[in-house]
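Here is what each chain is made of, one letter per residue.
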Amino acid sequence: GHDDVLKLLISRDLSPDSADELNRTPISWAARGGHETTVVILLDEDVYPDWRDGAGRTPLSLAAEKGHEAVVTLLLNVDADHTARVYDLPLDLKKKPAGLYSAPQGSSDNLHPDAINKPKLEQGVNFDSRDNSGQTPLMFAAKEGHKKVVGLLLDKGANIDFKGADNKSLWQLIEDELQSPGTGNTKAANLEELLKFIESRLAEGLLLTAPMKR
């Protein structure tokens, strides 16, 4: 979230797609932390927005779990031509050609393979991306009771039928959270409200599938 420092480092040709030991890039950390302006700066620098870290988590997945609505909205609105979007940045960055930056002294080892060969995004980020355990951004948001983020994902067309590696549905994941001893009253209330919200969407015919019998 230290945006001026980030801009300075980018202006010195340091790669905005560099990955750490967790295979997370700057946009992974910015999305997880809810740093909206930082995400905007990185998208403006043509970073790969659908990065998968070592656990298979994308920036959207990380932001959804934490309930960062503004960042989720930004990522869901990324399209294939996102580098052409114009943002109102407080500092005038030294612009670079689109694509990866040259790492100093050929240190490409610190770049994730996805960054070296970034696939072209045909329809923006994958809002149904599944991590190594089969969980989607919708599942992560739902388990934490983030109703607004769930709504954003459903509006985009997120699939509520996916099951994780443990073969648990979205509904079962929410029920497990409700029954967990570690779930406090506030979170429990949010989860109950979320269930009613999803079921109301189903009743209105806004979703293509039906929940399991509870």
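What you see is a predicted model; the values in this text were computed from it and never measured.

**Topic: the overall build of the protein chain**
Then, in step 1: Assigned secondary structure in the protein chain consists of 10 helices and 0 strands.
Then, in step 2: The helix and strand sequence of the protein chain, counted from the amino end, reads α-α-α-α-α-α-α-α-α-α.
Then, in step 3: Per-residue burial for the protein chain yields a buried fraction of 45% across its 214 residues.
Then, in step 4: Taking contacts inside the protein chain between residues at least 6 apart in sequence as the whole, the part at least 24 apart equals 71%.

**A look at the pattern of salt bridges**
Then, in step 1: For the structure on display, the rule yields 7 salt bridges.
Then, in step 2: The shortest N-O distance in the salt bridge between Arg 24 and Asp 53 comes to 3.0 Å. Taken together, the residues span a long stretch of sequence, with Arg 24 in the loop between helix H1 (3-11) and helix H2 (26-33) and Asp 53 in the loop between helix H3 (36-44) and helix H4 (59-66) at a distance of 29 residues. Accessibility classification places Arg 24 together with Asp 53 in one group, the buried group.
Then, in step 3: For the salt bridge of Lys 168 with Asp 176, the shortest nitrogen-to-oxygen distance reads 2.6 Å.

**Considerations on the packing of H1 against H3**
Then, in step 1: For the pair H1 and H3, interaxial distance at closest approach is 10 Å and the crossing angle is 15°. Looking at the two axes, H1 sits roughly parallel to H3. Considering only the axes of H1 and H3, their crossing is right-handed. Between H1, through Asp 3, Leu 6, Lys 7 and Ile 10, and H3, the contact on the second element is made entirely by Thr 37, Thr 38, Ile 41 and Leu 42.

**Some words on the packing of H4 against helix H5 (residues 69-76)**
Then, in step 1: Two elements in contact, H4 and H5, have axes whose closest approach is 8 Å; the angle formed by their N-to-C orientations is 150°. Between H4 and H5, the angle is such that the two are roughly antiparallel. The handedness of the crossing between H4 and H5 comes out as left-handed. Across from Pro 59, Leu 60, Ala 63 and Ala 64 in H4, the residues of H5 making contact are Val 71, Val 72, Leu 75 and Leu 76.
Then, in step 2: Classifying every residue of the contact of H4 with H5 by side-chain character gives 8 nonpolar, no polar and no charged.

**Quick word on the confidence of the model for the protein chain**
Then, in step 1: Overall, the prediction assigns the protein chain a mean pLDDT of 80, with 75% of residues at 70 or greater.
Then, in step 2: Per-element averaging of pLDDT across the protein chain places helix H6 (residues 113-116) at the bottom with 43 and H4 at the top with 98.
Then, in step 3: In the predicted structure, residues 83-121 sits below a pLDDT of 50 and forms 67 contacts with residues beyond four places in sequence or in another chain.

**Some thoughts on the nonpolar core**
Then, in step 1: If you look at the biggest cluster of nonpolar residues, it comprises 43 residues, and the most contacted ones within it are Val 39, Leu 138, Val 150, Leu 153, Leu 170, Ile 174 and Ile 198.
Then, in step 2: Looking at this core, the element that brings in the most residues is helix H10 (residues 185-203), giving 7 residues.

**Examining H4**
Then, in step 1: The element H4 is extensively covered by neighbouring structure, given that 6 of its 8 residues are classed as buried.
Then, in step 2: Where H4 is concerned, the buried positions are Pro 59, Leu 60, Ser 61, Leu 62, Ala 63 and Ala 64.
Then, in step 3: Looking at the buried side of H4, the elements it contacts are H2, H5, helix H7 (137-143) and helix H8 (147-156).
Then, in step 4: Note on H4: the residue one or two positions beyond its end, Gly 67, has a positive phi of about 80°.

**Observations regarding the packing of aromatic side chains**
Then, in step 1: Under the defined criterion, the tally for this structure stands at 0 aromatic pairs.
Then, in step 2: Note that Arg 24 overlies the ring of Trp 29, its terminal NZ or CZ placed 4.9 Å from the centroid.
Then, in step 3: Here Arg 130 stacks its cationic end above the ring of Phe 162, 4.4 Å away from the centre of that ring.

About the thresholds
Residues numbered from 1 in each chain as written. Predicted model: local features only at pLDDT ≥ 70, side-chain atom pairs only at ≥ 80, totals over all residues. Heavy atoms only, no water. Helix = DSSP H or I, 4+ residues; strand = E, 2+ residues; numbered from the N terminus. Buried < 20%, exposed > 50% of the residue type's maximum accessible area, 1.4 Å probe, protein only. Contact = heavy atoms within 4.5 Å. Salt bridge = Lys/Arg side-chain N within 4 Å of Asp/Glu carboxyl O. Axes fitted to C-alpha atoms, helices over the stretch in contact; angles between N-to-C directions. Parallel < 35°, antiparallel > 145°, perpendicular 65-115°, else oblique. Left-handed = near helix turned anticlockwise from the far one by under 90°. Nonpolar A, V, L, I, M, F, W, Y, C, P; charged D, E, K, R; others polar. pLDDT = per-residue confidence, 0-100. Core = buried A, V, L, I, M, F, W, Y, C linked by side-chain atoms within 4.5 Å. Phe/Tyr/Trp six-rings, centres within 6.5 Å; stacked < 30°, edge-to-face > 60°. Lys NZ or Arg CZ within 6 Å of the ring centre and 35° of its normal.

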